[in-house]
Amino acid sequence: KQWYQRRVRGSLAARSAALCKRALATEASSNSFPLTFGSPYKAVHDNAPVKQVDIPSTTGHFGILPQHVPTIAILVPGTISVHTEAGEVQKYFVSSGTATIHADSSVQILAEEICSLADIDEGAVRAGLEAAQGKLSSASSEADKAAAQIEIDVYQGMMAAA
């Protein structure tokens, strides 16, 4: 029995250590990382070296730096800030999507819709929000209610970003 307990404890310790090693992005060593950021309609960055990316996710807003722990995040409507190597901060609105941070510190962000914050028309966003709220109040099916709520969430995210 003691032999078995020692073997199980040793095995668990070895597996835990392996998991901890995999959880750290130890392969990256510079102060930048490659970013691929795009949508089905537009490529914003293709393996561009950047210093930091801030994203809105279902678990909250967070920043990505070199050697970030590998992660997969679901994007929510909001602003993505890209800090370039030159010190410039580029801001984009995304409606939804995913972000994947790999063990080598490369980051891939795929969004359903992307637009520069400068391209947001606040008047059009307000009108769209009002129309979506009207759809929600008149929706009879659960599917129609869900679709209207998604529109509202996106327009509210755009209003906050603008």
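Residues numbered from 1 in each chain as written. Predicted model: local features only at pLDDT ≥ 70, side-chain atom pairs only at ≥ 80, totals over all residues. Heavy atoms only, no water.

A. Broad picture of the confidence of the model for the protein. Overall, the prediction assigns the protein a mean pLDDT of 85, with 82% of residues at 70 or greater. Across residues 3-8 the pLDDT falls below 50, and counting only partners more than four positions away or on other chains, this stretch makes zero contacts in the model. In this model residues 17-28 is a low-confidence stretch, pLDDT under 50, and it forms 16 contacts with partners more than four residues away in sequence or in other chains. (pLDDT = per-residue confidence, 0-100. Contact = heavy atoms within 4.5 Å.)

B. Geometry of the side chain of Ser106. Topologically, Ser106 is positioned in the loop between strand E7 (97-101) and strand E8 (107-111). The class for Ser106 is buried, based on a relative accessible area of 14%. For Ser106, the residues in contact, after removing those within four places along its chain, are Pro34, Thr100 and Ile101. (Helix = DSSP H or I, 4+ residues; strand = E, 2+ residues; numbered from the N terminus. Buried < 20%, exposed > 50% of the residue type's maximum accessible area, 1.4 Å probe, protein only.)

C. Looking closely at the pattern of salt bridges. One pass over the full model with this rule turns up three salt bridges. Glu122 is the partner of Arg126 in a salt bridge, and the nearest nitrogen-oxygen pair spans 3.6 Å. Residue Arg126 and its partner Glu122 are located together in helix H2 (residues 122-138), separated by four residues, close to a single helical turn. Arg126 sits in the partly exposed class, given a relative accessible area of 40%. (Salt bridge = Lys/Arg side-chain N within 4 Å of Asp/Glu carboxyl O.)

D. Highlighting the side chain of Ser95. With respect to the helices, strands and loops of the structure, Ser95 is situated in the loop between strand E6 (89-94) and E7. Relative accessible area serves as the criterion here: at 10%, Ser95 is assigned to the buried category. Ser95 has contacts with Val76, Pro77, Glu112, Glu113 and Val154, leaving out every residue within four places of it along the chain.

E. The environment of Pro34, seen in detail. Relative to the assigned elements, Pro34 resides in strand E1 (residues 33-38). The residues contacting Pro34, other than those within four sequence positions of it, are Asn47, Ala48, Pro49, Ser105, Ser106 and Val107.

F. Layout of the nonpolar core. Counting residues in hydrophobic clusters, the biggest one holds 19 residues, and the most contacted among them are Leu35, Phe37, Val53, Ile55, Ile80 and Ile109. Those elements that provide at least two residues to this core are E1, strand E2 (43-57), strand E4 (71-75), strand E5 (78-84), E6, E7 and E8. Phe93, Cys115, Val125 and Val154 belong to the second largest nonpolar core, which has eight residues in total. (Core = buried A, V, L, I, M, F, W, Y, C linked by side-chain atoms within 4.5 Å.)

G. Expanded view of H2. Under the 1.5 Å per step criterion, the end-to-end length of H2 is 24 Å for 17 residues, consistent within 8% with the ideal 24 Å. Turning to H2, its buried residues number three or more, namely Val125, Gly128, Leu129 and Ala132. Viewed end-on, H2 has its buried residues packed into an arc of 105°, placing them on one side of the element. Across from the buried face of H2, at angles greater than 90 degrees, the exposed residues are Glu130, Ser137 and Ser138. Where H2 is buried, its residues meet helix H3 (142-161). Sitting at the amino-terminal end of H2 is Asp121, which places a side-chain oxygen 3.0 Å from the backbone nitrogen of Gly123. (Expected span 1.5 Å × (residues − 1). Arc of directions from axis to C-beta. Polar contact = N/O pair within 3.5 Å; in protein donor to acceptor, adjacent residues only side chain to side chain.)

H. Expanded view of the packing of aromatic side chains. The final tally for this structure, using the stated rule, is one aromatic pair. A centroid spacing of 5.4 Å and a plane angle of 80° characterise the contact between Phe37 and Tyr92, whose relative ring orientation is edge-to-face. Taken together, the residues Phe37 in strand E1 and Tyr92 in strand E6 connect sequence positions 55 residues apart. The pair formed by Phe37 and Tyr92 is uniform in burial state, with each residue classed as buried. (Phe/Tyr/Trp six-rings, centres within 6.5 Å; stacked < 30°, edge-to-face > 60°.)

I. Up close: the packing of H2 against H3. Their axes nearest at 8 Å, the elements H2 and H3 cross at an angle of 155°. The pairing of H2 with H3 is recorded here as roughly antiparallel in orientation. Every pair of crossing elements has a handedness; the one defined by H2 and H3 is left-handed. In contact with Glu122, Val125, Arg126, Gly128, Leu129, Ala132, Gln133, Lys135 and Leu136 of H2, H3 contributes Lys145, Ala148, Gln149, Glu151, Ile152, Tyr155, Gln156, Met158 and Met159. For the contact of H2 with H3, the class distribution of residues is nine nonpolar, four polar and five charged. (Axes fitted to C-alpha atoms, helices over the stretch in contact; angles between N-to-C directions. Parallel < 35°, antiparallel > 145°, perpendicular 65-115°, else oblique. Left-handed = near helix turned anticlockwise from the far one by under 90°. Nonpolar A, V, L, I, M, F, W, Y, C, P; charged D, E, K, R; others polar.)

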